[in-house]
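Topology and contacts: notes
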Amino acid sequence: MSKMKSTSLDITLGYGFAATIGSTLEVLANAVQDSTMTSEPNLAGSVLILAPSNPPNPVATLIAPQTIGSCGTIELTTSGSSGAAGRAFTYMWTYPENVNSNSGNPNKNTVNAALSSSSASPNIILATSNFQRGRHTINVVIVNWLGNSASANVTFTKREDVVPVISPPPPIPTSRRDSMIRCRLRHRSSHQNAVLPPTTPPPHTRSPGLGNN
């Protein structure tokens with residue numbers, strides 16, 4: 001619905017309507033009303049959508065951990081960016097060549113493929129196994145629907161994890177004491193069990209030629 005004033009035309013757009021700079025709105029007959037809510041059947045035409053005279057400029061912010069390890073993931077976020085002009089940003093993520101350790105990374109194609117498929121995502125999560133030891137840089141360009149853009153980058157370092165060394169504790173000294181087993185031998189007879197007497201040592205034998213002391 002449209003309302004006409006003396007020097008301007010106010011156009012109310014429906015919910016979910018999306019316009020882009022340079023597109024055209026068609027004004028149909030009887031769609032425009034004057035201040036008394038009277039339709040104007042002869043007022044029709046087209047309206048060219050122009051950029052605002054003072055459009056908002058985006059401010060890009062990219063946040064990521066400063067160091068990563070060999071296992072897990074790294075998350076990069078642009079959640080602190082501003083200047084979207086009321087709509088979502090579009091994103092251009094890149095892993096630039098010849099910056100720090102980027103050029104020597106054997107997995108750089110994998111990283112670039114993951115970044116290029118995330119033009120609508122304000123956050124990126126990458127496996128740390130895709131990065132070799134050293135410093136790496138990732139760039140992002142954010143663009144609002146008016147066509148204004150801003151860029152940011154972040155550099156992080158992949159450290160060499162320390163391999164843990166496990167040393168067994170020293171053996172605990174133990175002592176062994178032989179146990180003595182006593183047993184009694186029983187002789188079975190037809191009447192009763194007889195207990196054998198313990199064996200006695202033989203009597204002391206004198207050596208020949210020795211007298212009594």
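Look above for the structure.
Here the structure is a predicted model, which is why all the values come from computation and not from measurement. (Residues numbered from 1 in each chain as written. Predicted model: local features only at pLDDT ≥ 70, side-chain atom pairs only at ≥ 80, totals over all residues. Heavy atoms only, no water.)

Focus: the overall build of the protein
- For the protein, the count of helices and strands is one helix and 13 strands.
- Surface exposure of the protein reaches about 15900 Å², of which carbon and sulfur atoms provide 54%. (Helix = DSSP H or I, 4+ residues; strand = E, 2+ residues; numbered from the N terminus. Areas by Shrake-Rupley, 256 points an atom, 1.4 Å probe, with all protein chains shown as cover.)

Structural notes on the packing of aromatic side chains
- Overall, the coordinates contain three aromatic pairs when judged by the stated rule.
- An angle of 70° between the planes, with centres 5.9 Å apart, marks the rings of Tyr 95 and Phe 131 as edge-to-face. In this pair, Tyr 95 is assigned in the loop between strand E8 (90-94) and helix H1 (108-116) and Phe 131 in the loop between strand E9 (123-127) and strand E10 (134-143), connecting sequence segments 36 residues apart.
- Judged by relative accessible area, Phe 131 falls into the buried class, the value being 2%.
- Ring geometry for Phe 131 versus Phe 156: centroids 5.2 Å apart, planes at 90°, classification edge-to-face. (Phe/Tyr/Trp six-rings, centres within 6.5 Å; stacked < 30°, edge-to-face > 60°. Buried < 20%, exposed > 50% of the residue type's maximum accessible area, 1.4 Å probe, protein only.)

A look at the nonpolar core
- Within the largest apolar cluster, 23 residues are counted, with the highest numbers of intra-cluster contacts made by Ile 74, Leu 76, Trp 93, Leu 115, Leu 126, Phe 131 and Ile 138.
- Looking at this core, the elements with two or more residues in it are strand E7 (73-77), E8, H1, E9, E10 and strand E11 (149-158).
- Residue contributions to this core peak at four residues, all from E11. (Core = buried A, V, L, I, M, F, W, Y, C linked by side-chain atoms within 4.5 Å.)

Regarding the sheet that holds strand E6 (residues 67-68)
- Ordered in space as E6-E11-E10-E8, the four strands form an open sheet in which the pairing is mixed. Every other strand in the sheet has two partners, leaving E6 and E8 as the edge strands with one partner each.
- Summarising the sheet, E8 and E10 pair through five bridges and their orientation is antiparallel. Paired with Tyr 91 across the two strands is Ile 142, which belongs to E10. (Pairing = 2+ DSSP bridges.)

A few points about a nonpolar patch on the surface
- Taken together, the side chains of Leu 9, Ile 11, Leu 13 and Phe 17 present a nonpolar region at the surface, about 320 Å² in accessible area.
- Along the chain, the position of Ile 11 falls in strand E2 (residues 9-11).
- Residue classification places Ile 11 among the partly exposed positions, given a relative accessible area of 33%. (Patch = residues over 30% accessible without salt bridge, like charges linked within 9 Å, V, L, I, M, F, W, Y side chains within 5 Å. Salt bridge = Lys/Arg side-chain N within 4 Å of Asp/Glu carboxyl O.)

So, unusual backbone geometry
- The backbone of Ala 85 sits at a positive phi, close to 60°, despite the residue not being glycine.
- As for its position among the elements, Ala 85 is in the loop between E7 and E8.
- Positive phi, close to 50°, is recorded for Asn 100, a residue that is not glycine.
- Summarising the element assignment, Asn 100 is placed in the loop between E8 and H1.

Some details on the side chain of Thr 77
- Examined against the element boundaries, Thr 77 turns out to sit in strand E7.
- Overall, the relative accessible area of 16% leaves Thr 77 in the buried class.
- In terms of polar contacts, Thr 77 uses its side chain to reach the backbone amide nitrogen of Ser 79, at 3.1 Å.
- Not counting chain neighbours up to four residues away, the residues in contact with Thr 77 comprise Thr 61, Leu 62, Ile 63, Pro 122 and Asn 123. (Polar contact = N/O pair within 3.5 Å; in protein donor to acceptor, adjacent residues only side chain to side chain. Contact = heavy atoms within 4.5 Å.)

Side note on the environment of Leu 9
- Structurally, Leu 9 is set in strand E2.
- Leu 9 sits in the partly exposed class, given a relative accessible area of 35%.
- As a C-alpha pair, Leu 9 and Val 32 span 23 residues in sequence and 8.5 Å in three-dimensional space.

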